[in-house]
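Take a look at the letters that make up each chain.
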Amino acid sequence: MTDGAALAGPDGAPRCPWALSTEDYVAYHDEEWGRPVHGDDALFERLCLEAFQSGLSWLTILRRRPGFRAAFAGFEIAEVAAFTEADRARLLADPGIIRNRAKIDAVLANARVLAEWSPGELDALIWSHAPDPAGRPAPRTLADVPAVTPESTALSQALKRRGLRFVGPTTAYALMQACGLVDDHLADCVARRA
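Looking at an unreviewed UniProt entry, one finds the protein chain named DNA-3-methyladenine glycosylase I and attributed to Streptomyces echinoruber.

K.L.:
Got a minute to help me understand the nonpolar core in this structure?
P.N.:
Among soluble globular proteins, nonpolar side chains are generally buried collectively. Core analysis: the largest hydrophobic core is formed by 47 residues, its most contacted members being Phe44, Phe68 and Phe72. If you list the elements that add at least two residues to this core, you get α1 (23–31), α2 (40–53), α3 (58–71), α4 (77–81), α6 (101–114), α7 (121–127), α8 (150–161) and α9 (169–178). Leaving out residues up to four positions away in the same chain, Phe44 has contacts with Phe75, Ile77, Val80, Val107, Asn110, Ala111, Leu114 and Leu122.

K.L.:
Could you clarify how one ought to interpret the packing of aromatic side chains in this entry?
P.N.:
Under the counting rule described, the total for this entry stands at 8 aromatic pairs. Considering the side-chain rings of Phe52 and Phe68, the 4.7 Å spacing of their centres and the 50° angle between planes classify their relative orientation as tilted. Of this pair, Phe52 sits in helix α2 while Phe68 sits in helix α3, and the two are 16 residues apart along the sequence. Phe52 sits in the buried class, given a relative accessible area of 0%. The class of Phe68 is buried, set by a relative accessible area of 0%. Ring centres of Phe52 and Phe72 lie 6.0 Å apart, and the angle between their planes is 55°; on these two criteria the pair is classed as tilted. Placement of the pair is Phe52 in helix α2 and Phe72 in the loop between α3 and α4, with a sequence separation of 20 residues.

K.L.:
What is the right way to read the UniProt feature "binding site: Zn(2+)" (unreviewed entry) in the protein chain from this model?
P.N.:
UniProt records the feature "binding site: Zn(2+)" (unreviewed entry) at Cys16, His29, His185 and Cys189, using the numbering of this structure. In sequence the annotated residues extend across 174 residues, while in space they remain close, none of their C-alpha pairs exceeding 10.2 Å. Considering only the residues just annotated, the largest pocket is lined by Cys16. Structurally, Cys16 is set in the loop between β2 (14–15) and α1. Those residues in contact with Cys16, other than ones at most four positions away along the chain, are His29, Asp184, His185, Leu186 and Cys189. Residue placement: Cys189 occurs in the segment after α9.

K.L.:
Even after reading the chapter, I still don't get the side chain of Glu50, so can you show me in this structure?
P.N.:
Locating Glu50 in the fold gives a position in helix α2. Here Glu50 occupies a buried position and makes no salt bridge, while the nearest side chain of opposite charge, Arg46, is found at 7.4 Å.

K.L.:
Just to check I follow, could you spell out empty space enclosed by the protein for this structure?
P.N.:
Empty pockets left among the atoms are what a rolling probe the size of a water molecule brings to light. One pass over the full model with this rule turns up 1 cavity of 30 Å³ or more. The calculated volume of the largest cavity comes to roughly 30 Å³. If you go around the largest cavity, the residues you meet are Leu47, Cys48, Ala51, Lys103, Ala106, Val107, Asn110, Arg165 and Phe166. If you list the elements that add at least two residues to the lining of the largest cavity, you get α2 and α6. The dominant element in the lining of the largest cavity, judged by the number of residues it contributes, is α6, at 4 residues. Looking at the lining of the largest cavity residue by residue, the class counts come to 6 nonpolar, 1 polar and 2 charged.

K.L.:
Quick question: what am I supposed to make of the side chain of His185 here?
P.N.:
Within the secondary structure layout, His185 lies in the segment after α9. Since its relative accessible area comes to 0%, His185 is described here as buried. Among the polar contacts listed, one links the side chain of His185 to the backbone oxygen of Trp33, at a separation of 2.8 Å. The contacts of His185, once residues within four sequence positions are left out, are Cys16, His29, Trp33, Gly34, Arg35, Pro139, Ala191 and Arg192.

Reading the values: rules and limits
Residues numbered from 1 in each chain as written. Predicted model: local features only at pLDDT ≥ 70, side-chain atom pairs only at ≥ 80, totals over all residues. Heavy atoms only, no water. Core = buried A, V, L, I, M, F, W, Y, C linked by side-chain atoms within 4.5 Å. Buried < 20%, exposed > 50% of the residue type's maximum accessible area, 1.4 Å probe, protein only. Helix = DSSP H or I, 4+ residues; strand = E, 2+ residues; numbered from the N terminus. Contact = heavy atoms within 4.5 Å. Phe/Tyr/Trp six-rings, centres within 6.5 Å; stacked < 30°, edge-to-face > 60°. UniProt positions renumbered as here; feature names shortened; annotations may be inferred. 1 Å grid on protein atoms, 1.4 Å probe; cavity = no way out; pocket = protein on both sides within 12 Å on 5 of 7 lines; lining within 4 Å. Lys, Arg positive; Asp, Glu negative; His and termini not counted. Salt bridge = Lys/Arg side-chain N within 4 Å of Asp/Glu carboxyl O. Points joined across faces, edges and corners; volume = space filled by probe spheres on them. Nonpolar A, V, L, I, M, F, W, Y, C, P; charged D, E, K, R; others polar. Polar contact = N/O pair within 3.5 Å; in protein donor to acceptor, adjacent residues only side chain to side chain.

Structure (structure tokens):
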């Protein structure tokens, strides 16, 4: 292995080392991770998936993402907020998702909270915690990439104050990375934004 610096991928281009363990990761890394995501439903999906990932491999979630989308009505906040006890029972029995009762309950509760917000409010709240990119040097190795930052802690606290669950600082930082609030592609990575 290496010291966590960028490695040549299948096409010879340098990538973050974590992206090279499976084809699923290469595509996710190159096409999605770290790209700006906007829209309440899109951010709700990412927030839910990051919560489901807690304690698991992201690859597990990535491979089950189609099942999650089908089970949770495409993560449309208004639709998920209207789920009934029968929907909850269906989710708890669905082998296409992670059947964790606490995480499923958090998604349903969070959707009900968010359904009361104004359109664009989740997007604005999340993006208000994006740090100034000028103050963040590009990481050279994986050791330079934090798991939690002051901004992710503040975002976590803001979401919790507004009634959301399963949104700890580590989950908030993973969301920030996945949705492009921060660019944690390594300095030499082909996917790093200029």
